[in-house]
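Per-entry structural report
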Amino acid sequence: MRALVIDDSRTMRRIVAGQLSNLGFETVEAADGRAALDLLEAGTEVELACIDWNMPVMNGLEFVGAVRENPAWRDVTLMMVTTESEQGQIVRALAAGAHEYLIKPFTPDAFREKLQLLGLVEYEEIA
Amino acid sequence: MTTDVTDAGGMGLDVDALGNTDPILSIAEEVFSAMIDGEPGLLNPWYGDRPDPVEPMHAWVDVHEAGSGRVLIEAERGTVVELTRALLAMGPDEEVTEADMVDGLGEVANVVGGNVKALVPETGVLTLPQVSSERPPTPAEDLLHELALDWRGRLVVLSLWRLP
């Protein structure tokens, strides 16, 4: 599976991409929503996008809206990964079409759990 | 620990109501344990006198609309190197670049600031982080809250400021 990591922070892209890699994902990265849309429009296929909210050029919420407007990308799972933690912001993102919402800071376990909820990572068997 | 609570205004945050359970400290502890250390307990209140910072670096984000305030993190350059190394899980021999440091410290400020913003009742707008060796203008009378923190024996100062 391939995931698109969208964050203006190179540090956060590396952290998220690293955790995705540990879970078996290939990753591609973009520094803002517009750059991410450019990748999708160029034919880059991804099953998952991990999206920061506050970014220059095009923010995460605008990116979610743009993806949801294009039927060709309907199968892309969208997960916000952001510091925006107010309930109202979460509702806005989900209403715009995001499937899941992960608040920074997060642990690798919390990240995995969200992907499990989305059906993108299998639940580990408990011995 | 050096904690000054000088005002309850600005940012719409009632810092007088923090009492003995300081949510700013809790946020800092959570950010460091989840993002940087991978385990709790390595960020603690700073006790005793603070050393004069050598080559300090500053990272801050501002909150607008829900009151206006600034969340500022200050640490010595050497501390930022180690903080960045931990944040990016870099080995002891890997070079930490200036870009890594600026981006890493800025992201820490961003995450702390975003969680501080969530304490404010109204929804505010968070700016993108800024990082500089120069301290941003912070008149003493606009200080809302300050925490001196000990991260692995190194001083990290987290402060909240009222903006005009």
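Residues numbered from 1 in each chain as written. Chains lettered and ligands numbered in written order. Predicted model: local features only at pLDDT ≥ 70, side-chain atom pairs only at ≥ 80, totals over all residues. Heavy atoms only, no water.

All right, on to the overall build of chain A then. Secondary structure summary: chain A contains five helices and five strands in total. Going residue by residue from the N terminus, the α and β elements of chain A occur as β-α-β-α-β-α-β-α-β-α. In terms of overall dimensions, chain A is globule-like: its C-alpha atoms have a radius of gyration of 14 Å, near the 14 Å expected for 127 residues. With the principal axes as the frame, chain A shows a C-alpha extent of 45 × 35 × 30 Å. Considering only contacts within chain A whose residues lie at least 6 apart along the sequence, 57% involve residues at least 24 apart. (Helix = DSSP H or I, 4+ residues; strand = E, 2+ residues; numbered from the N terminus. Rg over C-alpha atoms; globule rule 2.2 N^0.38 Å. Contact = heavy atoms within 4.5 Å.)

With that out of the way, let us pick up the overall build of chain B. Helix and strand counts for chain B come out as three helices and eight strands. Start at the N end of chain B and walk to the C end: the helices and strands fall as β-α-β-β-β-α-α-β-β-β-β. Put simply, chain B has 164 residues, and 51% of those count as buried. For chain B, long-range pairs separated by at least 24 residues make up 69% of all intrachain contacts whose partners lie at least 6 apart in sequence. Accessible surface computed for chain B: about 7,100 Å², of which carbon and sulfur atoms make up 49%. (Buried < 20%, exposed > 50% of the residue type's maximum accessible area, 1.4 Å probe, protein only. Areas by Shrake-Rupley, 256 points an atom, 1.4 Å probe, with all protein chains shown as cover.)

A few words on the pairing of strand β5 (residues 100-103) of chain A. Residue and element names in this part refer to chain A. In terms of strand pairing, strand β4 (residues 77-82) meets β5 through four bridges, oriented parallel. Paired with Thr-82 across the bridge in β5 is Ile-103. Tracing the backbone out of β4, into helix α4 (residues 87-96) and back to the parallel element β5 gives a crossover that is right-handed. (Pairing = 2+ DSSP bridges. Right-handed = clockwise from strand over helix to strand, strands pointing away.)

Backbone hydrogen bonds hold the strands of a sheet together, and the pairing may be parallel or antiparallel. Residue and element names in this part refer to chain A. Spatial ordering of the open sheet is given by β2-β1-β3-β4-β5, a layout of five strands whose pairing is parallel. Whereas interior strands pair on both sides, the edge strands pair on one side only; in this sheet they are β2 (26-30) and β5. Taken pair by pair, the neighbouring strands of this sheet meet at an average axis angle of 20°, ignoring direction. Relative to β2, strand β1 (residues 2-6) runs parallel, the two sharing five bridges. Bridge pairing in β2 places Arg-2 opposite Glu-26. (Axes fitted to C-alpha atoms, helices over the stretch in contact; angles between N-to-C directions.)

Taken residue by residue, the interface counts 23 residues in chain B and 20 residues in chain A. Of the charged contacts in the structure, one is a salt bridge between A:Lys104 and B:Glu107, with a shortest N-O distance of 3.1 Å. At the surface where chain B touches chain A, the tally comes to 10 residue pairs in polar contact (both at pLDDT 80 or more). At the level of elements, α1 (23-37) and α3 (98-117) of chain B are the ones that each hand at least two residues to the side of chain B that touches chain A. A total of 10 residues in the side of chain B that touches chain A trace back to one element, the largest contributor, which is α3(B). (Salt bridge = Lys/Arg side-chain N within 4 Å of Asp/Glu carboxyl O. Polar contact = N/O pair within 3.5 Å; in protein donor to acceptor, adjacent residues only side chain to side chain.)

Residues in a regular strand project their side chains so that they alternate between the two faces of the sheet. Residues and elements named next belong to chain B. Most of strand β4 (residues 69-76) is tucked away, with seven of its eight residues classed as buried. Taken together, the eight bridges between strand β3 (residues 56-64) and β4 define a ladder with antiparallel strand orientation. Looking at β4, one finds that Val-63 is bridged to Gly-69.

Turning our attention to the confidence of the model for chain B. Residues and elements named next belong to chain B. Per-residue confidence for chain B averages 88 on the pLDDT scale, and 87% of its residues sit at or above 70. Residue range residues 1-8 is modelled with pLDDT below 50. Its contacts to residues more than four positions away, or to other chains, number 31 contacts. Prediction confidence for the complex, expressed as pTM and ipTM, is 0.89 and 0.89 respectively. (pLDDT = per-residue confidence, 0-100.)

Turning to the packing of helix α2 (residues 33-41) of chain A against helix α3 (residues 60-69) of chain A, a few remarks are in order. Residues and elements named next belong to chain A. Where α2 meets α3, the axes come as close as 9 Å, and the angle between the chain directions of the two elements is 25°. Here α2 is positioned roughly parallel relative to α3, judged by the angle of their axes. Every pair of crossing elements has a handedness; the one defined by α2 and α3 is right-handed. Side by side, α2 and α3 meet where Gly-33, Ala-36, Leu-37 and Leu-40 of the first sit next to Phe-63, Ala-66 and Val-67 of the second. In terms of residue class, the contact of α2 with α3 is built from six nonpolar, one polar and no charged. (Parallel < 35°, antiparallel > 145°, perpendicular 65-115°, else oblique. Left-handed = near helix turned anticlockwise from the far one by under 90°. Nonpolar A, V, L, I, M, F, W, Y, C, P; charged D, E, K, R; others polar.)

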